[in-house]
Amino acid sequence: MPQTTHHRICPLCEACCGLEITVDAGRITSIRGHEADVLSGGYICPKAIALKDLHDDPDRLRTPLIKRNGTFEPATWAQAYAEIARRLPPLIAAHGRNATAVAVGNPSSHKIGLIAYFGKLARALGTKNVFSASTLDQMPKQLASGLMFGHWLSVALPDMERTDFLLVIGANPLASNGSMWTVPDFKGKAKSLRARGGKLVVIDPRRTETAAVADAHHFIRPGADVFLLAAMVHTLFTENRVTLGNVAEWVNGVEAVQQAVAPFTPEAVAARCGIAAQTIRSLTRQLAEAPRAAVYARIGTCTQTYGTLASWLVDVLNTLTGNLDREGGMLFAKSAAFASNTAGKPGVGKGVSTGRHAARVSGAPEVYGELPMTCLAEEIETPGEGQIRALITVATNPVLSSPNGPRLAKALDTLDFMVSMDIYLNETTRHADVILPGVSPLQDLHYDVAFPQLSWRNHARYSPPVLPRDPSQPEEWQTLLTLAAIAQGQGAEVDANALDDAQFAQDAQRLFGTHADAVIAATQGYKGPQRALEVALRSGPYGDQFGLKPDGLTLAKVMASNASGGIDLGPLQPRIPEMLRTPSGKVELAPPSLLQDLQRPAHDLSAPAPDLVIIGRRDVRTNNSWMHNLPTLAKGPFRCTALVHPQDAQRLGLQDGALARIHAVTRAGEVPRSVQAQVHVSDQMMPGVVSLPHGWGHDLPGAQLRVAAERAGANLNALLDDQLRDPLSGNAVLGGVAITMVTTD
Ligand SMILES: Nc1nc2c(c(=O)[nH]1)N[C@H]1C(S)=C(S)[C@@H](COP(=O)(O)OP(=O)(O)OC[C@H]3O[C@@H](n4cnc5c(=O)[nH]c(N)nc54)[C@H](O)[C@@H]3O)O[C@H]1N2
Ligand SMILES: Nc1nc2c(c(=O)[nH]1)N[C@H]1C(S)=C(S)[C@@H](COP(=O)(O)OP(=O)(O)OC[C@H]3O[C@@H](n4cnc5c(=O)[nH]c(N)nc54)[C@H](O)[C@@H]3O)O[C@H]1N2
Ligand code: SF4
Ligand SMILES: [Mo]
């Protein structure tokens, strides 16, 4: 067989780099950056190389597993589906639809079959118990953006190539490669920014890899961003620096914001933030005086009790400095497919709302169709109508990735039935009764549904499968449709393709009315996610409108561009008011629910800060909880260490390299939570703050992750509190949590 070259979007993080992969006799011989790629221009990180390890990993599941008498046995797909059909429908019949739950995780956003079809499973189950990693991550940003701009994925993005000043808060793109902002090679872009005289400033409780390439870095006390941001907004008003620029006629609520931030003077917040009042003023001035500036904030500002407020105030700052919707400021992507802000009537919409239902035990409101992941354990444990008895997990590992993982692990063992769609037998899926493996990303076709809506540049790229799939293995969208049919009592022997045809015909009727037959005829050659993509591209903002605009995009054209790096649709452009989907047709700068929530930090202004708190950390060679089994990434220095400032180390008697026990400060009556980790003394840390990465703790019995188990690490989430949330978005609190530390060596 001759050597072949393939081009594929990397599915491992939000940078979505274009890869060039060579294959010889069915084996991967090289993986490198695709230089012609219109989005990433050849950039990659070390994780991309590990796709080969992932594909070849002997621990990666290739056949379904069924647990019998406590032991997993390999099974055929027909046997696995039959087992689910035998056990799931009777549970629904006996206990109702809300006795079921689904939880979906991060890798699903990198697989079109999962992201486009997961909703069909959730709807078929008909349960309100829908959980996802979004409430461990970015829900505050999505809610704030939704309230301000009208849709959950209408997120303002820094126009880094043209800006003069970029303020990065609570994000470390040099390790994470960016999030809610698809920006491959942030480091290269930061270099160009500084080379043309621009400035990069970082605010983070750790002097991160990103801080190391910045002009300035300021420590901030974890969880204090809302105070800093409100004081910066306050300063804009008191120093008469407010300007709305291009969007002046499209903004509601400037005065209400001015009133709401009144208590947050720089002096009032300085101690809480650990940043001097003078520094807060000078940061504000730099931002206001820069010809073009952008404030970008990410997970550090979301995973705290004031997550939605902080996310909102970031865009308030962007708006009040005249940087919203202008080149070199913050812009919105115009995605070629699947974006709600390119569909329907331009400039106005339904907006977003929350609380259509609530979690049974905590009362936490529904947000974007979901309940907080941190409610899952108590919803399984607590008896009564609507108690969860059956769970389907899809590409998620909450035993390691969600706070109080050990409690969740115990709860999972009490379920009557659990199914996991996953590629590993790991800390979460070991609790399942049936595991259904997903295909290797190299055997799957791909088009990013979400990330072009968040990309630094508009583009359209499609990846065909690199390697053939074993014909006995279904694609993941087919598995989701089969599970949906089983949940609806249609039995195990359904034809997923026929179901898809029938559902597509219905959707076409709803979306295209009298043109439905023409759309069905025009998409004849496609099925599954490809067909959904063909419709989305052709009816999208660059589409051929099914022949009305012959020069427009079709799936065939995007496919044909694969080897040449995809189709470039140009830099981001101003889009207000056309992209707004708020009921008023304006940017809502002062959503009432946020103004009201600002009372919380106002009351909390002078609350004493805990002595010692913990935050997380990402490393370029890891990815949440699931890539520690890949030898290329696992080698090298051990990364699951607790970074402690020298002053704290001395105060607490902790030695570099020694082991220490980290205890959560718990409430009376709570089960104590603690983990043991190796100390690394480092002046990268703000005094009073310890950093431990998440996603480790691979020493739980029953998992099959042989490489990861060799250096298991400590599970940060065994320490964190599942009762701490941002009340508006339901997002978990993953940082700024009070701890104590004692040496155990
Ligand atoms: N303390 C702390 N906790 C955190 C974070 C933090 O910063 N600190 N970060 C949070 C964030 S941002 C996120 S997004 C969550 C992530 O949390 P999760 O969404 O749970 O993601 P992972 O932990 O990466 O687990 C991914 C799972 O998907 C499986 N998988 C991988 N590829 C595939 C595939 O192709 N198909 C299928 N079916 N399964 C697949 C893996 O085996 C694994 O079980 O973690 C959160 N947890
Ligand atoms: N290599 C690698 N890349 C990844 C991942 C991974 O696990 N590994 N995960 C992916 C996922 S799922 C996501 S969501 C993204 C996340 O991408 P990022 O948001 O860039 O995530 P982090 O690298 O964790 O950076 C968060 C920063 O916030 C800081 N921080 C913590 N608490 C606070 C606080 O209260 N205030 C402020 N201002 N800062 C704080 C931390 O010190 C850290 O430097 O990364 C993605 N990319
Ligand atoms: S930064 Fe690395 S992991 Fe992320 S998409 Fe690019 S190559 Fe893949
Ligand atoms: Mo995430």
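So, the overall build of the protein
A count of helical and extended segments in the protein gives 26 helices and 28 strands. Computed over its C-alpha atoms, the radius of gyration of the protein comes to 25 Å, within 12% of the 27 Å expected for a compact globule of 745 residues. Considering only C-alpha atoms, the protein reaches an extent of 70 × 65 × 55 Å along its principal axes. Expressed as a percentage of its 745 residues, the buried residues of the protein come to 61%. A separation threshold of at least 6 residues defines the contact pool for the protein, and within that pool the share at least 24 residues apart is 74%. On the protein, roughly 26500 Å² of surface is accessible, and the fraction owed to carbon and sulfur atoms is 52%. On the protein, the mean spot of the 68 positive side-chain charges and the mean spot of the 70 negative ones are 1 Å from each other.

Things to note about the pairing of strand S20 (residues 457–460)
By the alternation rule, side chains of S20 split into Arg457 and His459 and Asn458 and Ala460, which are all buried. Across 3 bridges, S20 lies against strand S21 (residues 567–571) in antiparallel orientation. Bridge pairing in S21 links Ala460 to Ile567.

Thoughts on the site of ligand 1
Taken together, 27 residues form the shell around ligand 1, and within it Asn106, Ser401, Asp422, Asn426 and Ser625 come nearest. Residue Asn397 places a main-chain N or O atom 2.8 Å away from an oxygen atom belonging to ligand 1. Bound to the protein, ligand 1 loses 97% of the 910 Å² it would expose on its own. For the shell around ligand 1, a count of residues per class yields 12 nonpolar, 10 polar and 5 charged.

Looking at the domain arrangement of the protein
Under the domain assignment, the protein is made up of domain 1 (4–49), domain 2 (159–326 + 581–603) and domain 3 (609–743). Put simply, the middle of domain 2 and the middle of domain 3, counted by C-alpha atoms, are 28 Å apart. Seen at the junction of domain 2 and domain 3, the total is 2 salt bridges. Of the charged contacts, one joins Arg600 and Asp726 as a salt bridge, the two residues approaching to 3.8 Å between their closest N and O atoms. Along the contact surface separating domain 2 from domain 3 lie 7 residue pairs in polar contact (both at pLDDT 80 or more). Put simply, the parts of the chain that give the side of domain 2 that touches domain 3 at least two residues each are helix H5 (173–176), helix H12 (299–302), helix H13 (307–320) and helix H22 (592–597). The class makeup of the residues in the side of domain 2 that touches domain 3 is 10 nonpolar, 9 polar and 5 charged.

Points about the pattern of salt bridges
Under the defined criterion, the tally for this structure stands at 47 salt bridges. The salt bridge involving Arg292 is made with Asp164; its shortest N-O contact spans 3.2 Å. Separated by 128 residues along the polypeptide, Arg292 in the loop between helix H11 (277–289) and strand S13 (293–297) and Asp164 in the loop between strand S8 (157–158) and strand S9 (165–169) bring together distant segments of the chain. By relative accessible area, which is 29% here, Arg292 ends up partly exposed. Across the pair Arg272 and Asp604 runs a salt bridge whose closest N-O atoms are separated by 2.9 Å. Residue Arg272 is found in helix H10 (residues 266–273), and its partner Asp604 is found in helix H23 (residues 599–604); the two are separated by 332 residues along the sequence. Taken as a pair, Arg272 and Asp604 share a single burial class, namely buried. It is possible to trace a salt-bridge network through shared partners that takes in Arg68, Glu73, Glu83, Arg86, Arg87 and Asp433.

Comments concerning the site of ligand 3
As a matter of local geometry, ligand 3 sits amid Cys10, Leu12, Cys13, Ala15, Cys16, Cys17, Ile44, Cys45, Lys47, Ala48 and Asn177. Its residues assigned to classes, the shell around ligand 3 shows 9 nonpolar, 1 polar and 1 charged.

Describing the pairing of strand S17 (residues 390–394)
As a general feature of sheets, a regular strand has side chains that alternate between the two faces. Counting buried positions along S17 yields 5 of 5 residues, so the element is predominantly enclosed. The side-chain alternation of S17 yields two buried faces, one formed by Ala390, Ile392 and Val394 and the other by Leu391 and Thr393. Bridge count for strand S6 (residues 100–104) against S17 is 5 bridges, and the pairing is parallel. Looking at S17, one finds that Thr100 is bridged to Ala390. Here S17 runs beside strand S18 (residues 417–421); their pairing, made up of 5 bridges, is parallel. What sits directly across from Ala390, in S18, is Phe417.

Focus: the packing of helix H18 (residues 496–512) against helix H20 (residues 528–539)
For any two helices packed against each other, one specifies the inter-axial angle together with the distance between the axes. With their axes 11 Å apart at the nearest point, H18 and H20 run at an angle of 15° to one another. Classed by the angle they form, the pair H18 and H20 counts as roughly parallel. Crossing of H18 over H20 shows right-handed handedness. Where H18 approaches H20, its residues Asp500, Asp501, Phe504 and Phe512 are matched on the opposing element by Gly528, Arg531, Val535 and Ser539. Taken together, the residues of the contact of H18 with H20 break down into 3 nonpolar, 2 polar and 3 charged.

Quick notes on H20
With 12 residues, H20 should cover 16 Å at 1.5 Å per step; its first-to-last C-alpha distance of 17 Å lies within 8% of that length. Within H20, 10 of the 12 residues are buried, which leaves it mostly tucked inside the rest of the structure. Where H20 is buried, its residues meet helix H3 (112–125), helix H17 (476–487), H18, helix H19 (516–522) and helix H21 (555–560).

Quick word on the sheet that holds strand S3 (residues 27–33)
Within the open sheet, the 3 strands sit side by side as S1-S2-S3. Their pairing is antiparallel. Every other strand in the sheet has two partners, leaving strand S1 (4–9) and S3 as the edge strands with one partner each. The sheet shows a mean angle of 25° between the axes of neighbouring strands, direction not considered. With 6 bridges joining them, strand S2 (residues 18–24) and S3 adopt antiparallel strand pairing. Paired with Thr22 across the strands is Ser30, a residue of S3. Most of the contacts of helix H1 (residues 46–56) go to S3, to which it runs at about 160°, and overall it touches S2 and S3.

Examining the sheet that holds strand S11 (residues 216–218)
Taken together, 4 strands build an open sheet; the order of strands is S11-S10-S9-S13 and the sheet is parallel. Either end of the sheet is taken by a strand with one partner, and the two such strands are S11 and S13. Across the sheet, the mean angle from the axis of one strand to that of its neighbour is 15°, orientation sign disregarded.

Considerations on the nonpolar core
One broad trend across soluble globular proteins is that nonpolar side chains are buried collectively. With 95 residues, the main nonpolar core has Leu166, Val257 and Trp312 as its most contacted residues. When residues of this core are assigned to their parent elements, the largest contribution, 10 residues, is made by helix H8 (residues 225–238). Domain assignment of the residues forming this core places at least three in each of domain 1 (4–49) and domain 2 (159–326 + 581–603). Core analysis: the next-biggest nonpolar cluster, separate from the first, contains 54 residues, Leu371, Leu391, Leu720 and Leu734 among them.

Regarding the packing of H17 against H18
Two elements in contact, H17 and H18, have axes separated by 9 Å at closest approach and are oriented at 80°. Considered as vectors, H17 and H18 are oriented roughly perpendicular to each other. Residues Trp477, Gln478, Leu481, Thr482 and Ala485 of H17 form the contact with H18, whose participating residues are Ala496, Asn497, Leu499, Asp500 and Gln503.

Analysis parameters
Residues numbered from 1 in each chain as written. Chains lettered and ligands numbered in written order. Predicted model: local features only at pLDDT ≥ 70, side-chain atom pairs only at ≥ 80, totals over all residues. Heavy atoms only, no water. Helix = DSSP H or I, 4+ residues; strand = E, 2+ residues; numbered from the N terminus. Rg over C-alpha atoms; globule rule 2.2 N^0.38 Å. Buried < 20%, exposed > 50% of the residue type's maximum accessible area, 1.4 Å probe, protein only. Contact = heavy atoms within 4.5 Å. Areas by Shrake-Rupley, 256 points an atom, 1.4 Å probe, with all protein chains shown as cover. Lys, Arg positive; Asp, Glu negative; His and termini not counted. Charge placed at Lys NZ, Arg CZ, Asp CG, Glu CD. Pairing = 2+ DSSP bridges. Near = heavy atom within 4 Å. Polar contact = N/O pair within 3.5 Å; in protein donor to acceptor, adjacent residues only side chain to side chain. Nonpolar A, V, L, I, M, F, W, Y, C, P; charged D, E, K, R; others polar. Domains from an automatic or database assignment. Salt bridge = Lys/Arg side-chain N within 4 Å of Asp/Glu carboxyl O. Axes fitted to C-alpha atoms, helices over the stretch in contact; angles between N-to-C directions. Parallel < 35°, antiparallel > 145°, perpendicular 65-115°, else oblique. Left-handed = near helix turned anticlockwise from the far one by under 90°. Expected span 1.5 Å × (residues − 1). Core = buried A, V, L, I, M, F, W, Y, C linked by side-chain atoms within 4.5 Å.

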